[in-house]
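What the coordinates show
Residue strings, one per chain:
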Amino acid sequence: VQLQASGGGLVQAGDPLRLSCKASGHPFSWYGMGWFRQAPGKEREFVAAISRSGSTTSYADSVKGRFTISRDNAKNTVYLQMNSLKPEDTAVYYCAATFTTATTQRSDFGWWGQGTQVTVSS
C-alpha cells in the first residue's frame, strides 16, 4: 500500500488542524492505520491508531481528549483531527499501515507515508 499524508501547516496554539492520509494500491480495509510523529532530535512516537473497521481507536496519553483519529474506507483515507494544539505538538506527522491487530508499536507498522510538518506557534 502507498500512503500520502497531507494537511500540515503552521498554526497558533489552541487552533485546530486536520491531517489526511490517502492510501492506494491495496484494499484499504485490510489495514489498521496509525499516526506517529517525530519532533527534531526525538524518536518517532505513537499518536493514534484505528482498527480496520474504525470501531476501535487508541491514543497516546499526550493527545487523548484533543486528537481524534477516524477513517473513511470508501475514500481510502484516514484522518487525524487535532484540536487545542500546543507548541509541543510540533513535529512531522506520519501515517502508517499495519496488518497487526490492536497495536501501537511502531515496529508493527510496515508501510509509511512521507510525513507532513505541523508547526504550532505559541
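Here's what I pulled together on the structure shown here. (Residues numbered from 1 in each chain as written. Predicted model: local features only at pLDDT ≥ 70, side-chain atom pairs only at ≥ 80, totals over all residues. Heavy atoms only, no water.)

Examining the overall build of the protein chain
The number of helices and strands found in the protein chain is zero helices and eleven strands. Ordered by position in the sequence, the α and β elements of the protein chain form the string β-β-β-β-β-β-β-β-β-β-β. Taken over the C-alpha trace, the protein chain has a radius of gyration of 13 Å; the compact-globule value for 122 residues is 14 Å, and the two agree within 12%. For the protein chain, the spread of C-alpha atoms along the three principal axes comes to 40 × 25 × 25 Å. Counting only residues that meet the buried cut, the protein chain has 42% of its 122 residues in that class. In the protein chain, the proportion of contacts linking residues at least 24 apart, taken out of those at least 6 apart, comes to 56%. Only carbon and sulfur atoms are counted for the fraction: they give 48% of the accessible area of the protein chain, which is about 6100 Å². Between the mean site of the 12 positive side-chain charges and the mean site of the 8 negative ones, the protein chain shows a separation of 6 Å. (Helix = DSSP H or I, 4+ residues; strand = E, 2+ residues; numbered from the N terminus. Rg over C-alpha atoms; globule rule 2.2 N^0.38 Å. Buried < 20%, exposed > 50% of the residue type's maximum accessible area, 1.4 Å probe, protein only. Contact = heavy atoms within 4.5 Å. Areas by Shrake-Rupley, 256 points an atom, 1.4 Å probe, with all protein chains shown as cover. Lys, Arg positive; Asp, Glu negative; His and termini not counted. Charge placed at Lys NZ, Arg CZ, Asp CG, Glu CD.)

Comments concerning the layout of surface pockets
Space inside the largest pocket adds up to approximately 220 Å³. In this structure, the largest pocket is lined by 16 residues; those nearest its centre are Ile50, Ser51, Thr101, Ala102 and Thr103. Secondary structure elements with two or more residues in the lining of the largest pocket: strand S4 (32-38), strand S5 (45-50) and strand S6 (57-59). Residue classes in the lining of the largest pocket are distributed as five nonpolar, ten polar and one charged. (1 Å grid on protein atoms, 1.4 Å probe; cavity = no way out; pocket = protein on both sides within 12 Å on 5 of 7 lines; lining within 4 Å. Points joined across faces, edges and corners; volume = space filled by probe spheres on them. Nonpolar A, V, L, I, M, F, W, Y, C, P; charged D, E, K, R; others polar.)

Some points on the nonpolar core
By size, the foremost hydrophobic cluster in this structure holds 36 residues, and its most contacted members are Met33, Trp35, Leu80, Met82 and Tyr93. Within the residue set of this core, elements represented by two or more residues are strand S1 (2-6), strand S3 (17-24), S4, S5, strand S7 (67-72), strand S8 (77-82), strand S9 (91-98) and strand S11 (116-121). Apart from the residues within four sequence positions on either side, Met82 is in contact with Asp15, Pro16, Leu17, Leu19, Arg66, Phe67, Tyr93 and Val118. (Core = buried A, V, L, I, M, F, W, Y, C linked by side-chain atoms within 4.5 Å.)

A few points about the sheet that holds S8
Overall, antiparallel pairing links the four strands, which are arranged S1-S3-S8-S7 in an open sheet. Lying at the two open borders of the sheet, with one neighbouring strand each, are S1 and S7. Here the average twist between neighbouring strands, direction ignored, is 15°. (Pairing = 2+ DSSP bridges. Axes fitted to C-alpha atoms, helices over the stretch in contact; angles between N-to-C directions.)

Describing the pattern of salt bridges
Counted under the stated rule, the structure contains five salt bridges. For Lys64, the salt bridge is made with Asp61, and the minimal N-O distance between the two is 3.2 Å. Via salt bridges that share partners, Arg37, Glu45, Arg66 and Asp89 belong to a single interconnected network. (Salt bridge = Lys/Arg side-chain N within 4 Å of Asp/Glu carboxyl O.)

Points about the packing of aromatic side chains
Aromatic ring pairs are reported here in terms of the distance separating the ring centres and the angle at which the planes meet. Counted according to the given criterion, the structure contains eight aromatic pairs. With centroids separated by 6.5 Å and ring planes inclined at 75°, the aromatic side chains of Tyr94 and Trp112 adopt a geometry described as edge-to-face. Highlighted residues: Tyr94 in strand S9 and Trp112 in strand S10 (residues 111-112), separated in sequence by 18 residues. For Tyr94, a relative accessible area of 13% corresponds to the buried category. A network of ring pairs unites the aromatic residues Phe36, Phe46, Tyr94, Phe109 and Trp112 as a single cluster. (Phe/Tyr/Trp six-rings, centres within 6.5 Å; stacked < 30°, edge-to-face > 60°.)

Everything listed here is a matter of coordinates, which is why it stays silent on function.
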